[in-house]
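Structural overview for review
Residues per chain, in single letters:
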Amino acid sequence: MASNNSESKDVRHKIVLTRDLGPDVMGLLRDREENYLELVLWDKEEPCNRDWILKNAPGASALIVLITDKIDTEILDAAGPKLLVVSTMSVGYEHLPMKELAKRGIKVGYTPDVLTDAVADITIMLALMAGRNARETMNIVNEGKWPEYNWAPFLFCGRQLSTSASSRKRTAGFIGFGRIAQATLSRLIPFGFTDCIYTSSPSSKPTPTRDAQLAQTLGLRSVRRVNLGTLAEESDAVFVLAPGGEATLNLVDEQFLRKMKKTAVLVNTSRGTLVDSDALAKALREQWIWGAGLDVVKGEPGISADHPLVKEQRCAILPHIGSATYETRVEMGTLAVQNALAAIFEKPMPAAFDLTGYQ
């Protein structure tokens, strides 16, 4: 493959984008388009058509895609040997054939870090919504039923996220303890959380020194790694923030939910596949736990009004908007483009996925 150490006007690189990323981001590509780049853009608001990708991929140096675009061997074959990089505007990579990309020496760009704060913010919001019966009580107002209720000492009462005079201890439990989980934990400190427990991949090494330092920095009594059962039993709020895939499929199942405190809430802002929807609906219906806040649901976006979780008033569901702030989406799009351009012009990618484990 020819080297591209200089941005020669004689060399043009085809970049296929499966969505318009907005004026701020597209400007990074338009500035180079006249001399160095050929841009092929799916300019509709609807998800990119697979046939369109197959038709336009041949000869591409880079594919810039969204998490909704399923990239597989057929598309890589169609792109051909010139393909240098697949850059996704997402942290997740379940839509990419990682082993095949590693085998072919194709780089992968993704967008970690830039969405950490946005997702951590909405994780806290969902914990509050789940505990304080937000969906149930908002529906009362939206349906014009508020006049039917007279004030009473325990009317509309939920569970407090913060500590109180009667409950001075709060334990946050994290399934997955990466960047977003730790950002969420830092946001829980003003609520008076005193302890943190977490589970990690069995293949990851224990980090007692890191955990002790984190506890000291945040003023917590402890940060410790535990097994899944202990996490379910001890947590006042369980935050699901682990990667998707076969290894974590239905990690939160009926057995886990039955071990949770009746006053606890479950929040999932990672992948819907980690939580068994039917088991969670049953847990809410039979009041094994207090409530749930979900930004993701298995099978999304095909979630209809008759879905078991939609029927549960103690389950607050958002349509996967964890990173949906203008600031974050511009930063994600910018990073996706920067990754693609860096790979094309043989410069260090700002956020290259390490494919070592897939080779």
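Residues numbered from 1 in each chain as written. Predicted model: local features only at pLDDT ≥ 70, side-chain atom pairs only at ≥ 80, totals over all residues. Heavy atoms only, no water.

Side-chain alternation along strand S10 (residues 265–268) places Val-265 and Val-267 on one buried face and Leu-266 and Asn-268 on a second face that is also buried. Where strand S9 (residues 237–240) meets S10, four bridges bridge the pair, whose relative direction is parallel. From the neighbouring strand, Val-240 faces S10, where its bridge partner is Asn-268. Assessed by its sense of winding, the connection that carries the chain from S9 through helix H10 (residues 254–259) to S10 is right-handed. Between the parallel pair S10 and strand S11 (residues 291–294), the chain is carried across by helix H11 (residues 277–285), and the sense of this crossover is right-handed. (Buried < 20%, exposed > 50% of the residue type's maximum accessible area, 1.4 Å probe, protein only. Helix = DSSP H or I, 4+ residues; strand = E, 2+ residues; numbered from the N terminus. Pairing = 2+ DSSP bridges. Right-handed = clockwise from strand over helix to strand, strands pointing away.)

A cluster of nonpolar side chains, Val-141, Trp-146, Tyr-149 and Phe-156, forms an exposed patch at the surface whose accessible area comes to about 400 Å². According to the relative accessible area criterion, Tyr-149 is partly exposed, its value standing at 34%. (Patch = residues over 30% accessible without salt bridge, like charges linked within 9 Å, V, L, I, M, F, W, Y side chains within 5 Å. Areas by Shrake-Rupley, 256 points an atom, 1.4 Å probe, with all protein chains shown as cover. Salt bridge = Lys/Arg side-chain N within 4 Å of Asp/Glu carboxyl O.)

An order of S8-S7-S6-S9-S10-S11-S12 is seen for the seven strands of this open sheet, with the pairing classed as parallel. Edge strands, defined here as strands with exactly one partner in the open sheet, are strand S8 (222–225) and strand S12 (315–317). Ignoring which end each strand starts from, the neighbouring axes of this sheet average 15° apart. In terms of strand pairing, S10 meets S11 through four bridges, oriented parallel. Following the sheet pairing, Val-267 is matched in S11 by Gly-293. (Axes fitted to C-alpha atoms, helices over the stretch in contact; angles between N-to-C directions.)

With that settled, consider the sheet that holds strand S2 (residues 37–41). Spatially, five strands are ordered S2-S1-S3-S4-S5 in an open sheet, and the strand pairing comes out parallel. The open sheet has two free edges, formed respectively by S2 and strand S5 (107–109), since each of these has just one partner strand. Direction aside, the axes of adjacent strands within the sheet are offset by 15° on average. Where strand S1 (residues 13–17) and strand S3 (residues 62–65) come together, three bridges link them in parallel fashion. What sits directly across from Leu-17, in S3, is Ile-64. Across the face of the sheet, helix H12 (residues 326–344) comes into contact with S1, S2, S3, strand S4 (85–88) and S5 while running at roughly 170° to S4. (Contact = heavy atoms within 4.5 Å.)

In this section: the layout of surface pockets. In this structure, the second largest pocket spans a volume of roughly 290 Å³. Contributing to the lining of the second largest pocket are 16 residues, with Arg-159, Gln-160, Leu-161, Arg-170 and Thr-263 lying nearest its centre. Taken together, the residues of the lining of the second largest pocket break down into six nonpolar, seven polar and three charged. (1 Å grid on protein atoms, 1.4 Å probe; cavity = no way out; pocket = protein on both sides within 12 Å on 5 of 7 lines; lining within 4 Å. Points joined across faces, edges and corners; volume = space filled by probe spheres on them. Nonpolar A, V, L, I, M, F, W, Y, C, P; charged D, E, K, R; others polar.)

We now examine the packing of aromatic side chains. For the structure on display, the rule yields nine aromatic pairs. Between Phe-174 and Phe-177, the ring centres sit 5.7 Å apart and the planes meet at 50°, which makes this aromatic pair tilted. According to the relative accessible area criterion, Phe-174 is buried, its value standing at 0%. An aromatic cluster is present here, built from Tyr-93, Tyr-110, Phe-353 and Tyr-358 joined pairwise through their rings. Across from the ring centre of Trp-290, 5.2 Å away, lies the NZ or CZ of Arg-159, which sits over that ring. Its end group placed over the ring of Trp-290, Arg-314 keeps NZ or CZ at 4.1 Å from the ring centre. (Phe/Tyr/Trp six-rings, centres within 6.5 Å; stacked < 30°, edge-to-face > 60°. Lys NZ or Arg CZ within 6 Å of the ring centre and 35° of its normal.)

Next up on the list: helix H7 (residues 179–188). Taken residue by residue, H7 has Ile-180, Ala-181, Ala-183, Thr-184, Leu-185 and Leu-188 as its buried positions. Those residues of H7 that are buried are in contact with helix H5 (116–131), strand S6 (171–175), strand S7 (195–199), helix H8 (208–218) and S9.

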